[in-house]
Amino acid sequence: MKTRLQTALDAVDAANAGDPDTSETRPAARLYGERMTAELDRLFPDASDVLRIAARGQHIERWLLPRKDFPEGRTGYLDWRREQGRRHGARVAGIMAEAGYPPEDCDRAGVLLRKEGIKRDAEVQALEDVICFVFLKWYFAPFSGTQSPEALDKIVLRTARKMSAEGRARVLEEFDLPEALAGAFRDQDAG
């Protein structure tokens, strides 16, 4: 018999199987969720069910709200991200409820996915660190080729600022970053 955790993870995967972007081995949102789970398991092996489901559902059905539907520029991007977080939280909460999780766990998943309490809430911070590791490990190299050096410096600095001190230290241990980028993770003021 499947556990409610596995039921919820399978439901997230089923939702993400509809992603029309299949440029890699499987739908992009599903692959992203699997990568999030793998990094969470590696970085936080004792994570709660709520954190595990939130990590898997971080980009659930993200394609349904295209970035192009929001204005260009940083303000439009931040508005889009906030709306995605709200939608992801609601969708994952619904999946968790169907799997048998109590309302407080469903609500908690929404808090994590909306990133409420980053730098103050250990689980929100753990999720953010995992997000940053997945970005650096799987998406940074192809993404960096689309950005000017100045824009890339800002993006790396913002990534480092979102991470915990422990997360930044692990980045320096695990990634061979050029000095210009590694400095953002070394700077204690980045937190």
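Residues numbered from 1 in each chain as written. Predicted model: local features only at pLDDT ≥ 70, side-chain atom pairs only at ≥ 80, totals over all residues. Heavy atoms only, no water.

### Some thoughts on a positive patch on the surface
Working step 1: Together, Arg74, Lys154, Arg158 and Arg161 line one region of the surface with positive charge.
Working step 2: Tracing the backbone through its elements, the reader meets Lys154 in helix α7 (residues 149-162).
Working step 3: Of the residues examined, Lys154 reaches a relative accessible area of 54% and is grouped as exposed. (Patch = residues over 30% accessible without salt bridge, like charges linked within 9 Å, V, L, I, M, F, W, Y side chains within 5 Å. Areas by Shrake-Rupley, 256 points an atom, 1.4 Å probe, with all protein chains shown as cover. Salt bridge = Lys/Arg side-chain N within 4 Å of Asp/Glu carboxyl O. Lys, Arg positive; Asp, Glu negative; His and termini not counted. Charge placed at Lys NZ, Arg CZ, Asp CG, Glu CD. Helix = DSSP H or I, 4+ residues; strand = E, 2+ residues; numbered from the N terminus. Buried < 20%, exposed > 50% of the residue type's maximum accessible area, 1.4 Å probe, protein only.)

### Points about the packing of α7 against helix α9 (residues 179-186)
Working step 1: Direction vectors running N to C along α7 and α9 enclose 25°, while the axes themselves pass 8 Å from each other. Accordingly, the angle class assigned to the pair α7 and α9 is roughly parallel. Crossing of α7 over α9 shows right-handed handedness. Within the contact between the two elements, α7 uses Asp153, Val156, Leu157, Thr159 and Ala160 and α9 uses Leu181, Ala184 and Phe185.
Working step 2: Residue composition of the contact of α7 with α9, grouped by class: six nonpolar, one polar and one charged. (Axes fitted to C-alpha atoms, helices over the stretch in contact; angles between N-to-C directions. Parallel < 35°, antiparallel > 145°, perpendicular 65-115°, else oblique. Left-handed = near helix turned anticlockwise from the far one by under 90°. Contact = heavy atoms within 4.5 Å. Nonpolar A, V, L, I, M, F, W, Y, C, P; charged D, E, K, R; others polar.)

### Observations regarding the nonpolar core
Working step 1: Ranked by internal contacts, the top residues of the largest apolar core, which has 48 residues, are Met36, Ile53, Met96, Tyr101, Leu127 and Phe185.
Working step 2: For this core, the elements supplying multiple residues, two or more each, are α1 (4-16), α2 (28-43), α3 (49-56), α4 (73-99), α5 (103-113), α6 (122-144), α7 and α9.
Working step 3: A per-element tally of this core places α6 first, with 11 residues.
Working step 4: With near-sequence residues (within four places) excluded, Ile53 lies in contact with Leu5, Ala8, Leu9, Val92, Met96 and Tyr101. (Core = buried A, V, L, I, M, F, W, Y, C linked by side-chain atoms within 4.5 Å.)

### A word on α2
Quick reminder: α-helices carry 3.6 residues per turn. Residues three or four places apart thus point the same way.
Working step 1: Here α2 spans 22 Å end to end across 16 residues, near enough to the 22 Å set by a 1.5 Å rise per residue.
Working step 2: For α2, the full list of buried residues reads Ala29, Leu31, Tyr32, Gly33, Arg35, Met36, Thr37, Glu39, Leu40 and Leu43.
Working step 3: At its buried positions, α2 is contacted by α1, α3, α6 and α8 (165-174). (Expected span 1.5 Å × (residues − 1).)

### As for unusual backbone geometry
Working step 1: Although it is not a glycine, Glu61 adopts a positive phi angle of roughly 50°.
Working step 2: The backbone phi angle of Lys115 is positive, close to 60°, even though this residue is not glycine.
Working step 3: For Lys115, the location among the structural elements is in the loop between α5 and α6.

### Describing α1
Working step 1: Compared with an ideal rise of 1.5 Å per residue, which puts 13 residues at 18 Å, α1 spans 18 Å between its outermost C-alpha atoms and is within 8% of the ideal.
Working step 2: Residues of α1 that are buried include every one of Leu5, Ala8, Leu9, Val12, Asp13, Ala15 and Asn16, and no others. Take α1 and look down its axis: the buried residues cluster within an arc of 160°, on one side only.
Working step 3: Where α1 is buried, its residues contact α2, α3 and α4. (Arc of directions from axis to C-beta.)

### Focus on the pattern of salt bridges
Think of it this way: side chains of opposite charge can pair up when their charged atoms draw near.
Working step 1: Inspection of the entire model under this criterion finds 20 salt bridges.
Working step 2: Between Glu34 and Arg26 there is a salt bridge, and its shortest N-O distance comes to 2.5 Å.
Working step 3: In this structure, Arg108 engages Asp121 in a salt bridge whose closest nitrogen and oxygen atoms are separated by 2.8 Å. Linking Arg108 in helix α5 with Asp121 in the loop between α5 and α6, this pair joins segments that are 13 residues apart in sequence.

### Some points on the packing of aromatic side chains
Working step 1: What the rule picks out here adds up to five aromatic pairs.
Working step 2: When the centroid spacing of 5.8 Å and the interplanar angle of 45° are considered together, the rings of Tyr32 and Tyr139 count as tilted. Remark: Tyr139 occurs in helix α6 and Tyr32 occurs in helix α2; sequence separation between them is 107 residues.
Working step 3: Residue Tyr139 is classed as partly exposed on the basis of its relative accessible area, which comes to 23%.
Working step 4: A ring pair is formed by Phe135 and Phe143, whose centres lie 5.8 Å apart and whose planes are at 70°; its orientation type is edge-to-face.
Working step 5: Ring pairing ties together the aromatic residues Phe135, Phe140 and Phe143, which thus form one cluster.
Working step 6: Geometry around Trp138 places Arg35 over its ring, the cationic atom sitting 3.8 Å from the centre. (Phe/Tyr/Trp six-rings, centres within 6.5 Å; stacked < 30°, edge-to-face > 60°. Lys NZ or Arg CZ within 6 Å of the ring centre and 35° of its normal.)

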